[in-house]
Each structure stands twice: as structure tokens, then as C-alpha cells.
Amino acid sequence: MDFRFSQEDEAFRREVREFVNAEWDPKGYDSVGASIASYDLHTHEAIDLVKEWQLKLADKGWWTLHWPTEFGGQGAPISRQLIYREEMAYWGAPSSGASDLVGPVLMYHGNEWHRDELLPHYATAEIEFCRLLSEPGAGSDLASVQTRAVEDGDDFIVTGQKIWTSMAEMADYGQALVRTDPEAAKHRGLTYLIIDMKSPGIILRPLYDMLGRRRWSEVFMDEVRVPKRNMVGEVNRGWYATMTHLSFERSNIGGPARMLRTVEEFIDYAREVKVNGEPLLNDVRVRHVLADMRLQIEVARMISYRVAWMQTRGEIPVKESSQTKLWGDALHQGIYRGIASILNDYGQLRPEDKWAPAGRFMGVNSILATGLSIGGGTREVQKNIIAQRALGLPR
């Protein structure tokens with residue numbers, strides 16, 4: 001494996017770093033903590049900051065850096081995408097993660113309306129999408145969704161319930177997996193639709209996390225009329241479009257960079273704060289914990305680099321992507337919880353408490369990180385993929 005970057009790539013790294021340091025100011029909010037599911041995910045002021053930042057990225061052409069040129073992107077190679085995401089994550093700036101989950105699906109499976117109307121507006125960060133996938137009885141087993149879509153002339157009539165939907169109340173459109181043939185095998189009777197979130201018949205109810213803050217929504221659809229032009233791909237073949245969607249959710253290149261910055265900032269804090277008259281960093285136990293964290297970060301970084309290297313060779317890193325998800329989730333949870341443990345009772349304080357130490361978000365991120373090993377494919381699902389596709393074990 002060759003993880004070296006060209007001189008042009010390193011120049012681009014410097015450009016990204018300088019741009020972020022000059023243009024991004026979080027103003028005290030956490031927009032990327034706990035692997036994007038941040039404490040301020042639904043804080044309107046923080047959302048406005050992120051929106052302004054996305055428009056800056058769009059003006060630079062970086063919001064769609066990885067898109068093919070025929071769709072308005074820069075067609076950047078994997079090495080440049082990796083550098084971009086590493087720098088954004090390290091400096092705590094939101095990158096274009098969401099466009100990874102929308103753009104490719106519409107490029108590969110979309111029709112003229114998707115490509116001519118939706119993609120151009122999405123390329124300029126003008127519209128937002130949410131994902132209408134999970135249901136009360138269909139989480140890890142996504143193919144069990146029961147939300148029904150019945151054809152009615154030029155429309156589908158959609159009725160059902162989705163759950164754990166992030167940003168639903170702020171999205172313009174939802175990417176929905178619905179059942180159009182209840183008699184077919186569960187993977188074969190599904191259709192992928194783009195649903196206007198302002199459509200009559202859509203009702204949102206908030207869902208709260210362990211900290212009592214709105215984190216997701218339940219989305220109820222009562223005979224929502226969806227034009228057939230909104231269908232992505234073919235009727236009853238929505239599973240294939242969904243797998244295209246989810247395959248862009250597995251790289252996790254920014255995770256190790258984000259955690260590296262977290263640990264480095266805590267080390268700076270531990271040099272300054274004193275416990276019993278001594279700097280916290282002088283505690284041998286603390287130093288050992290931090291050294292172990294640094295090793296785990298480097299392992300995660302190398303796994304992510306391997307995924308990127310495989311992609312440059314035209315290989316599909318299925319099991320390797322599951323490894324980045326599995327290791328990355330444990331990395332975030334271990335570091336946030338480890339630092340919160342070092343801080344003892346202070347590690348439980350919320351950011352708004354004046355005594356909250358070490359960047360203020362360590363305690364809440366140690367709690368919010370719990371969901372990382374559930375959302376996007378549970379730890380057990382990732383282990384099954386690795387067992388079957390890497391080790392050749394039976395189902």
C-alpha cells in the first residue's frame with residue numbers, strides 16, 4: 001500500500017487548512033461532535049452557521065468536490081477527497097458529508113427531473129434532504145419496511161411511519177424507501193422515492209435523546225401524494241438504489257482526524273489545569289490513557305487510508321468499510337468516555353455550565369457517542385459482514 005501524497009495534493013492540504021482557519025468560526029457551538037450527531041444538531045443558531053458555511057463551500061466548489069464534472073463537480077481523485085475531509089474534520093468544520101448520500105444516488109439512478117432540477121440546487125447547497133428509511137419494525141433489517149406506496153395514475157399514494165429521522169423538520173425533501181409490492185420477497189417489492197417534506201399528509205413528532213434534546217423525528221405519512229417523476233430507479237427495485245445510497249456512508253476518513261484534534265486539545269488542557277498542585281498531565285495514569293488513545297487513532301487512520309487506497313485501485317472495500325465503521329464507533333466512544341472519566345465529576349457537566357472543562361462538550365459527547373454503534377448499521381451487523389465477507393464464515 002502506498003499512502004504518500006503528491007506535491008499538488010499537499011499544496012491543496014495547505015489551501016484547505018488556510019481557508020478553514022480564515023473562514024470557519026463555530027462561535028462556541030459544536031457542529032461536528034460525536035461524529036456529526038452533535039449536541040447542537042438542532043440549535044437554530046448553529047444550523048444557520050453551518051448553512052452559511054455550506055454556501056461558502058459551494059462557492060469554492062468544495063461542496064461537490066467529489067462529484068463528476070458532468071454534474072457540476074470537480075471530479076477530485078480519492079487522495080484529494082481524503083485530504084479535504086481530514087482537514088475539515090481536524091479543524092472542526094462541517095464538510096459535505098450529506099452530499100455523499102444524495103448526489104450519487106441521483107446520478108446513478110435518477111431521471112431527468114432529478115438531474116436537471118434537484119442536483120443543480122443541491123450542488124449549490126440550496127436544498128436539504130433527510131433520510132426516510134428506518135421504521136419501528138425495520139432498523140438493521142431495513143428490507144422489512146412496511147410503509148406502503150400504491151400507484152394512482154401519475155402518482156404514488158404513500159401511507160406509513162418512519163422513525164429516527166435526523167433533520168426532518170428542516171429538510172426540503174426526504175429519501176424514502178417504501179413497499180410497492182407486498183406479495184414479493186422483502187428485498188424485491190421496494191421502491192425508492194423522493195418526497196417533498198412540505199406535502200399534505202406529513203406529520204412530524206420530535207424524538208429526544210438521553211440529554212432531553214430533540215435529536216430525531218417520527219415521520220407519519222397519511223396518503224401523501226408523490227409524483228411518479230420522484231421515483232429513483234424502477235418500481236420494485238428500490239433496494240438497489242438504497243444500497244448505492246448506503247455504500248457512500250462507510251468511509252469514515254474524517255473520524256480519526258476529529259479524534260486526534262480532540263485528544264490534542266485535551267493534552268493542552270491537561271498541561272495547564274492542576275490537581276493537588278500538579279499539572280493533570282503529570283499523572284502517569286492519565287498519560288497512559290492518552291498514549292493508548294493516540295495509538296487507537298493511528299490504527300483507525302490507517303484502516304481509513306487503506307479503504308481510500310483500495311478505491312484508487314478500483315476495488316470495492318466492502319468488509320474494509322465495515323471495519324472503519326466498527327473501529328471508528330469504538331474509537332469515538334472510547335476517547336470521549338475516557339476523557340470524561342479522567343475529568344471525574346466535571347466530565348458530567350453540560351456545555352452551558354460555567355464549570356464545564358476541556359472544551360465544554362466532552363461530557364455530553366461521551367453520552368451522545370452511545371448512538372454511534374447503532375445508527376448507520378449496528379455493531380453486530382458490521383461484525384456479520386466482516387465474518388462472512390472477510391473470514392468466509394457461514395451465515
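To continue, consider the overall build of the protein chain. The number of helices and strands found in the protein chain is 11 helices and 10 strands. For the C-alpha atoms alone, the extent of the protein chain along its principal axes is close to 75 × 50 × 45 Å. Sorting the 395 residues of the protein chain into buried and exposed places 47% on the buried side. Long-range contacts, defined as pairs at least 24 residues apart, comprise 70% of the intrachain contacts of the protein chain with a sequence gap of at least 6. Of the accessible surface of the protein chain, which amounts to about 19,200 Å², a share of 51% is contributed by carbon and sulfur atoms. Charged side chains of the protein chain number 47 positive and 55 negative; the gap between the two group centres comes to 5 Å.

Below, the discussion takes up the packing of aromatic side chains. What the rule picks out here adds up to 14 aromatic pairs. Members of the aromatic cluster, connected to one another through ring pairs, are Phe12, Phe19, Trp24, Trp53, Trp62 and Tyr84. Across from the ring centre of phenylalanine 220, 4.7 Å away, lies the NZ or CZ of arginine 205, which sits over that ring. One Lys or Arg, arginine 261, reaches over the ring of tyrosine 90 and ends 5.3 Å from the middle of that ring.

A pair can form between side chains of opposite charge whenever their charged atoms are brought close. A full pass over the atoms with the stated rule returns 26 salt bridges. Through salt bridges with shared partners, a single network forms among Glu10, Arg13, Arg17, Glu86, Glu87, Arg294, Glu298 and Arg301.

On to the nonpolar core. Trp62 and Met88 are the most contacted members of the largest nonpolar core, which has 34 residues in total. Put simply, the parts of the chain that give this core at least two residues each are α1 (7–23), α2 (44–60), α3 (78–90), α4 (97–109), α5 (112–123) and β5 (190–196). Ranked by the residues each element gives to this core, the list is headed by α5, at five residues. By size, the runner-up hydrophobic cluster in this structure holds 28 residues, among which are Tyr39, Leu343, Val364 and Leu372.

This part is about the pairing of strand β2 (residues 148–152). A regular strand places its side chains so that they alternate between the two faces of the sheet. Pairing analysis gives five bridges linking β2 to strand β3 (residues 155–165), with the strands arranged antiparallel. For aspartate 152, the partnering residue across the bridge sits in β3 and is aspartate 155. Hairpin connection, β2 to β3: the antiparallel pair is bridged by two residues, and glycine 153 has positive phi, about 65 degrees.

Quick look at the layout of surface pockets now. Here the second largest pocket defines a volume of roughly 620 Å³. Looking at the second largest pocket, it is lined by 26 residues, and the ones nearest its centre are Asp30, Val32, Gly92, Arg261 and Glu265. At the level of elements, α1, α3, α7 (254–272) and α10 (362–368) are the ones that each hand at least two residues to the lining of the second largest pocket. No other element matches α7, which puts six residues into the lining of the second largest pocket. Among the residues making up the lining of the second largest pocket, the classes are represented as 14 nonpolar, eight polar and four charged.

Cut-offs used in this document
Residues numbered from 1 in each chain as written. Predicted model: local features only at pLDDT ≥ 70, side-chain atom pairs only at ≥ 80, totals over all residues. Heavy atoms only, no water. Helix = DSSP H or I, 4+ residues; strand = E, 2+ residues; numbered from the N terminus. Buried < 20%, exposed > 50% of the residue type's maximum accessible area, 1.4 Å probe, protein only. Contact = heavy atoms within 4.5 Å. Areas by Shrake-Rupley, 256 points an atom, 1.4 Å probe, with all protein chains shown as cover. Lys, Arg positive; Asp, Glu negative; His and termini not counted. Charge placed at Lys NZ, Arg CZ, Asp CG, Glu CD. Phe/Tyr/Trp six-rings, centres within 6.5 Å; stacked < 30°, edge-to-face > 60°. Lys NZ or Arg CZ within 6 Å of the ring centre and 35° of its normal. Salt bridge = Lys/Arg side-chain N within 4 Å of Asp/Glu carboxyl O. Core = buried A, V, L, I, M, F, W, Y, C linked by side-chain atoms within 4.5 Å. Pairing = 2+ DSSP bridges. 1 Å grid on protein atoms, 1.4 Å probe; cavity = no way out; pocket = protein on both sides within 12 Å on 5 of 7 lines; lining within 4 Å. Points joined across faces, edges and corners; volume = space filled by probe spheres on them. Nonpolar A, V, L, I, M, F, W, Y, C, P; charged D, E, K, R; others polar.

Without other data, these values stay purely geometric and don't point to any function.
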